[in-house]
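Summary of structural features
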Amino acid sequence: MRVLIVEDDPMIGEAVQVALKNASYAADWVKDGPTALDAVNSQNYDLILLDLGLPGKDGLDVLTRIRAKGNSVSLLIITARDGLDDRVRGLDGGADDYVLKPFEIAELLARMRAVLRRKSGKALPVLSNGMVSLDPATRQATMNHGSPVQLSNREFALFQALMVRPGAILSRSELEDRVYGWGEEVESNAVEFLIHSLRRKLSGDVIRNVRGAGWMVSKTS
Amino acid sequence: MDGFKNFLNESLQRKLSVTLSLAILGVALVAGIFSFLSAFNEAYELQDDVLRQVAALMDRQHLAPDVLAGRGSREGNEESRVIVQRLGDARQAPLGVDDGGRLPLPKSLPNGLQTLRAAGETFRVLVRTTATGEQIAVAQETGFRNQIARASALRTVTPFLVLVPILLIIIPDLVRKMFRRVALLAREIDDRTEHGLHPLEENHIPAEVRPFVAAINRLLARVARSMDAQRRFVADAAHELRTPLTALSLQAELVSEAEMSDAARERLGVLRTGIERGRHLLNQLLTFARTQSVVETPKSPVSVQAVYRRVLEDLLPLAAAKRIDIGVEGQQDASVWVSEMDLTTVIRNLVDNAIRYTPDGGRVDLAVSTIGDTIVLTVKDTGPGIPEAEYDRVFDPFYRSLGGDRVGSGLGLSIVKAISDRIGAEVRLAPSIADAQSGLCVSVLIPMRRVLPGMEGAGSDSVHCQQAPGTRS
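Here goes a summary of the coordinates provided. The model shown is predicted, which means the values in this text are computed figures rather than measured ones. (Residues numbered from 1 in each chain as written. Chains lettered and ligands numbered in written order. Predicted model: local features only at pLDDT ≥ 70, side-chain atom pairs only at ≥ 80, totals over all residues.)

**Regarding the sheet that holds strand β4 (residues 135–141) of chain B**
Residue and element names in this part refer to chain B. Put simply, the rule is: The pairing criterion for strands is at least two bridges between them, as found by DSSP. Put simply, DSSP H or I for four residues or longer makes a helix, DSSP E for two residues or longer makes a strand, and each gets a number counted from the N terminus. Note on geometry: axes are C-alpha line fits, over the in-contact stretch for helices, and angles between N-to-C directions span 0 to 180 degrees. Note on contacts: each residue gets a C-beta atom placed from the backbone, and two residues are in contact if those atoms are within 7 Å.
Spatial ordering of the open sheet is given by β1-β4-β3-β2, a layout of four strands whose pairing is antiparallel. Pairing within the sheet leaves two strands with one partner each, and these edge strands are β1 (83–86) and β2 (112–118). Neighbour-to-neighbour, the strand axes of the sheet open up by a mean angle of 30°, direction not taken into account. As paired strands, β2 and strand β3 (residues 121–129) are joined by seven bridges and run antiparallel to one another. Bridging from a neighbouring strand, Leu 113 pairs with Leu 126 of β3. In the packing of helix α2 (residues 12–61) onto the sheet, the strands contacted are β1, β2, β3 and β4, and the crossing angle to β4 comes to about 150°. Helix α4 (residues 142–178) contacts β2, β3 and β4 of the sheet and is inclined by roughly 100° relative to β3.

The following block contains the structure:
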């Protein structure tokens, strides 16, 4: 995987380059817009990390130029501006995602992986939070180093709702909405019952209760 | 005297009322005197004419004054009597003057009108030489004439006497009405919050005041510009600081992957905590700068429970690291007309503070309730609390309680306060454990419908902050 880093700050550029190399990417680093455009023209990249605040040529300008040539390379924007406008303009201009300064290497790598995954066209069907994975095709859940466990329809519906966004807290009524269809009568304590059986099948700490707020699966990166 | 001058100079309205009243009084006085005198003179001349006509009548008809004397004069007022007599007739009258007798006049007088004293009274006398060559005198008492003239003069002055007091009552009222627009303008400026820097309406302002309003508007514009520049500077500075801070934290992250001794790793941990602090402070600065600029109008109500869940999602790791039992009390939800970002920022800062200041193993509770027309959001912790004397000051940016060794940006409560003021909510502080005077319970009182800032919420302090269940372990 070849990555182009467009970043004018030497310390950030160097740190990101080292980190990407440590993560087995081939990383090139340029410091301004015109050089970045030259590099894109002469070399095939899998992903571009583009800082918006560049000297000389604005990052958004570089982005439009790349896209104007029909180049559909994956592109992540790095910005210090958290104003909504900048992000929207970046995404509208053809960026695949953005990272807000200050960021951590782990977050950057995770976002890069997500963008590359989406670009490869293979929507990864298996949901995972690093501790447990869920395969919608077979409705099987698998703990790390464990064997697949078959889930009932309702267990699967509830678990899937939680696994779509690890770390998000879902309230009882939100979970009931996912488990029961329109017009179906909701049994009292159904959510507790399903969670109890999921915990028994998988592990006690796979689903966390947040007192008074709801339930979540932890976000392990 | 000086006191009165000051009293006048302080208020244009008073000055105008008093000067206008004085001017009217002066003019009325002069006009009154003038019309009194002219009416008086006219009445006088009218009576002189009567004397002349009587004399002419006597002359033409060749009437002897004796014919008239003592006849018919008894009727009516003896003072209004016109006396006619021949001059030089020295016969002493049998009767006094008042009873219709003759006047003791000198034997000869020049022809024409004159005022004489006779028999102890003043008379107006017309002397005329008749065709027969004798002199006759036609006389009338001046006292009576004056009385008539005065009465008729007073009648002409009466309207002035009645109308001037009415005018004096009307004038201050009129002046007050004229100045009402100015008073309204002042009230409008008074009612503004510090964010209300839009220009004043100039269209319906009197021309005399308009230059002031225009000047105030120019000043407002300058203040707005400078405040804007200041806000932009804070935001820009925070943005600019983000880049070096990112560089710093990335380098520290790389260093942590290298081989190093335990002591070095420990120091690196401290260093990264420091960088994290800087990052937190920067984000808080940016949030604070943002709370003071744009006012977002919510398009739909926000569920408080949903915001609680979102905040808990973000802050659970922080709470878990300190083994703090954090959660929501009660099932009740409420919808508030506040932008989601504002509400999330308020709750996040309150919960973040609660977690920071609560010792390991403590407890943080979130709750929402509706009391009357007010939605009450509470965040309770089992930390040390804030001394009541400092309640007012903890909202100041960068204010820190004495003896606090905690790490925070010093902006959390300022952000909460700034947003609350903007959305018309009220923030109240109380100890969460009343007996021990410890722990902090922060209530945010949000009116159900959006009302102007300054409207008072309902309820009393103690309603929302019941004693926290004793779960300190």
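**A word on helix α8 (residues 304–321) of chain B**
All names here are of chain B. Applicable threshold: What a helix should span is 1.5 Å times the count of its residues minus one. Take the seven residues that end at a residue and the seven that start at it, fit an axis to each, and the angle between those axes is the bend at that residue. Remark: C-beta atoms are placed from the backbone, and a residue is labelled buried if 20 or more other C-beta atoms sit within 10 Å of its own, exposed if 12 or fewer do, or partly exposed between those counts.
Between the first and last C-alpha of α8 there are 25 Å, a value that for 18 residues agrees with the 26 Å anticipated at 1.5 Å per step. Taken as a whole, α8 carries its principal kink of about 55° at Leu 315; the proline Pro 317 stands between one and four residues after it. Looking at α8, one finds that the buried residues are Val 304, Gln 305, Val 307, Tyr 308, Arg 309, Val 311, Leu 312, Leu 316 and Ala 319.

**As for the pairing of strand β4 (residues 74–79) of chain A**
Residues and elements named next belong to chain A. In plain terms, the rule: Whether a crossover is right-handed depends on one test, that the path from the first strand over the helix to the second runs clockwise when the strands point away from the viewer.
With respect to burial, β4 is a largely interior element, six of its six residues being buried. Side-chain alternation along β4 places Ser 74, Leu 76 and Ile 78 on one buried face and Leu 75, Ile 77 and Thr 79 on a second face that is also buried. Bridge count between strand β3 (residues 47–51) and β4: five bridges; the pairing is parallel. Residue pairing across strands places Ile 48 opposite Leu 75, the latter belonging to β4. Traced from β3 through helix α3 (residues 59–68) to β4, the parallel crossover comes out right-handed.

**Regarding the interface of chain B and chain A**
Between chain B and chain A, the residue contacts involve 24 residues of the former and 25 residues of the latter. The set of elements that each furnish at least two residues to the side of chain B that touches chain A consists of α6 (210–257), α7 (262–291), α8 and β6 (325–329) of chain B. The element that contributes the greatest number of residues to the side of chain B that touches chain A is α6 of chain B, accounting for twelve residues.

Geometric values such as these leave the question of function open.
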